[in-house]
Structures are given as C-alpha cells and as structure tokens.
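# Examination of the molecular architecture
One-letter residues, chain by chain:
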Amino acid sequence: MSCNCNHTPNCTEVSTCLCGVIMDIYDDGVLIESIVFNTYTDGTNVFFETTEDTAFNPPATSPLTISYSSVSTEWQLSYNDGDDTVVFGSFDGTSICPISDCDWVLTSDVSSTYSIKVRSVDCGCCDEELNVALTYLGDDYTATASVVKDEYGNTLAYNGYPYYSFTIYIGDEPFTYYIWFNVDEWYVSEEIGPTGVFMTKVDVTTECPFGPYDTTVEFTRFSVTGAECFDCCNYYTPRFSNFIKKKKYQLVDGISAIRSKELFGFKCGPEWTDLAKQHLILNVLHCLPYGVLCEETEQCLMNNLNENCNC
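Remember, predicted model here, so these are calculated numbers, not experimental data. (Residues numbered from 1 in each chain as written. Predicted model: local features only at pLDDT ≥ 70, side-chain atom pairs only at ≥ 80, totals over all residues. Heavy atoms only, no water.)

## Brief notes about the nonpolar core
Grouped burial of nonpolar side chains is what soluble globular proteins tend to show. In this structure, Val132, Leu134, Phe166, Ile179, Phe210 and Phe222 are the most contacted members of the largest nonpolar core, which totals 31 residues. Sorting the residues of this core by element identifies strand E9 (125-136), strand E10 (139-147), strand E13 (164-170), strand E14 (173-181), strand E15 (186-189), strand E16 (198-202) and strand E18 (219-227) as the ones contributing at least two each. Per-element accounting of this core gives the leading share, 5 residues, to E9. By size, the runner-up hydrophobic cluster in this structure holds 24 residues, among which are Ile35, Phe48, Ile99 and Tyr114. (Core = buried A, V, L, I, M, F, W, Y, C linked by side-chain atoms within 4.5 Å. Buried < 20%, exposed > 50% of the residue type's maximum accessible area, 1.4 Å probe, protein only. Helix = DSSP H or I, 4+ residues; strand = E, 2+ residues; numbered from the N terminus.)

## A word on the packing of aromatic side chains
In total, this model carries 19 aromatic pairs according to the counting rule given. Between the aromatic rings of Trp180 and Tyr187, the centroid separation amounts to 5.3 Å while the plane-to-plane angle is 25°, which identifies the pairing as stacked. You can call Trp180 buried: its relative accessible area is 0%. Its relative accessible area of 8% is what places Tyr187 among the buried residues. (Phe/Tyr/Trp six-rings, centres within 6.5 Å; stacked < 30°, edge-to-face > 60°.)

## Regarding the layout of surface pockets
What the second largest pocket holds in volume is close to 490 Å³. Listing elements by their share of the lining of the second largest pocket, those giving two or more residues are strand E2 (30-41), strand E3 (46-50), E9, E10 and E18. Split into classes, the residues belonging to the lining of the second largest pocket amount to 13 nonpolar, 10 polar and 5 charged. (1 Å grid on protein atoms, 1.4 Å probe; cavity = no way out; pocket = protein on both sides within 12 Å on 5 of 7 lines; lining within 4 Å. Points joined across faces, edges and corners; volume = space filled by probe spheres on them. Nonpolar A, V, L, I, M, F, W, Y, C, P; charged D, E, K, R; others polar.)

## Description of the state of the cysteines
Each disulfide is one covalent bond, formed between the sulfur atoms of two cysteines. Going through the model one piece at a time under the given rule, you end up with 2 disulfides. For Cys19, the disulfide goes to Cys123, at an S-S distance of 2.0 Å. With the S-S bond torsion at 105°, the cross-link from Cys19 to Cys123 turns out right-handed. In this pair, Cys19 is assigned in the segment before strand E1 (21-27) and Cys123 in the loop between strand E8 (114-120) and E9, connecting sequence segments 104 residues apart. Paired by a disulfide, Cys126 and Cys208 hold their sulfur atoms 2.0 Å apart. On the sign convention where negative means left-handed, the S-S torsion of about -65° between Cys126 and Cys208 marks this disulfide as left-handed. Within this pair, whereas Cys126 is found in strand E9, its partner Cys208 is found in the loop between E16 and strand E17 (211-212), the two being separated by 82 residues in sequence. Classification of Cys208 as buried rests on a relative accessible area of 9%. (Disulfide = S-S within 2.5 Å.)

## Some points on unusual backbone geometry
With a phi angle near 45°, Thr73 is a residue other than glycine that sits in the positive phi range. Mapped onto the elements of the fold, Thr73 is located in the loop between strand E4 (64-69) and strand E5 (74-80).

## Thoughts on the sheet that holds E8
Overall, antiparallel pairing links the 8 strands, which are arranged E7-E6-E5-E4-E3-E2-E1-E8 in an open sheet. Edge positions in the open sheet fall to strand E7 (105-106) and E8, since each of these has one partner strand only. Relative to E8, E1 runs antiparallel, the two sharing 7 bridges. In the strand pairing of E8, Ile22 is matched with Arg119. (Pairing = 2+ DSSP bridges.)

Structure, rendered in structure tokens:
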C-alpha cells in the first residue's frame, strides 16, 4: 500500500528504543495484536526479539527478530525455520531504531490482509523496581530487580545511585545478581564493587540502568526496562521532577555516608535530623498539586534543601 509519511530517521537518540519496541499487527486495518520485542545486543549490533506467538498467517516460528541489514539498508523482521533465517518483513531506512508511522513491507508468503507498524516502548521508572529479561545457558528467564534497602527501609546506594538485586532459579538453586553503577557504566554481577564478577554491562550513564547489556558465554541475552511509573498522588507530575530526582539521589548518598560514620562509632543524631527534614521537603514538593503552595514557598522549600530559611 502507498504511504506518504516520513521515512527519514525518526530516532535521533539511542534511548528512543532503549527499552524495546511494540509491533502492532493489523488484519484488514483492524488492530488484532500488539507484540513486545525486548532490546538486546550481541556486543556489536542492537536487535529486538520476542518469544511470543503471533497471529501471523501463515504462522511464523518463535522467536521473532527485528534486526538491521547494512547490506540492504533496511530493518528486517525474521525467524529461523530450523535451517535458514526467513525474512518476511522489512522497512527501508537508516534510523537507529525500527519505528515508523508507515506500514512495513511484508512478503507474499504473509496474508495480504495483514499489515504491521512498529512503535517504541515506554521505559517506565526505576524508583523501586526493574524488569529483567535474560537468556542464561540457553534458557529464558524474566525477573524483577528491586532497589536494595537496609533494615530500616532506607535505599542503599553505590557511587551515588541506588542499586538493585534479582534472583533466578536454575533448577532448585537460587542465584542472586546485582545491578549497580560504576562511575560511567551500569554493571550486572554477583557482587557489588570492583572485586565483583562482572557478568554484563551497558555503556549508558543515564539515571536508570535501562537497555541491552553486553553478552557473555553464559548470558546470551540481557535487557532491562523499568516498572510502571507511579505518582504518589496518581494525577500530579511535579514541575521540578529533575531537580527532585537529583536531590533524592543526594539524600541516598547522605544516608549511606551517615551510616558509614556510625559504623566507626560516630554519633550522628543532628545529621539524621537534617536528612529527615530534607525528606519531608521532597515529599511536599513531589506530592502537592499546583496551587496548594505559592511559587515563593516552593522556591523557599527548594532552597531549604541546601540552606536554612524560614518558610
């Protein structure tokens, strides 16, 4: 079918498809299925893959892969029939991710009533949990990685960022891994810190450890996305979201620093009091809808995270 929409690269940032893509399948123009493809890398090239069954007629064997062909300069939708890679869909272009408002071109093997479009996945949030999809020694796993907290419910941090843990069961034996930030990269390992055994990593310095991770002999697939975002008021997004997020990370660092001092016998009561006040201020800024506080009061609260003032 003809299409006049834009075929030029429409993904100017890698993060556009950092958390995967969704393939919408239409039959005679009616949406019948939406399939999520996770983002992976083989160490050189990024590709997208799903193990979900689809409504394609004739059936396409799972897993389905969306990968870029530099030879034909197009994104290709394919599967392996046991002997060969079967390409049955394509989209021309040099975009760094395969999304488009146009229909993909399907081969004559697919019913002529079918059409597909591809869009990006919303990464979600990393405040509390992450979604992990991985392949370990040929077996597929999904897991929820949770922010690590101490016995008092305080979020723990390493190098200024919270870190996460998840567990997979291989047979009946549990294996726990950590996702943590190491100055300029996110790592996955069995331990936290330079002595940890690095399993996979991704060269992304964003606040959240989203995206495809480098593979190893054991981990041939590894991808991280965020959980559904939750707003404390369920309807309000703060005007100072980036400022608040930055201050929350600083608060986490402050908690870790005080706990480190207390391990050496220092008494840090006043410092805990200051952090408690900062925590309350952050909650007020984050949860109160517009208009509850005047702009002068909001600004004073923001200033009070760094200096004393009477609000």
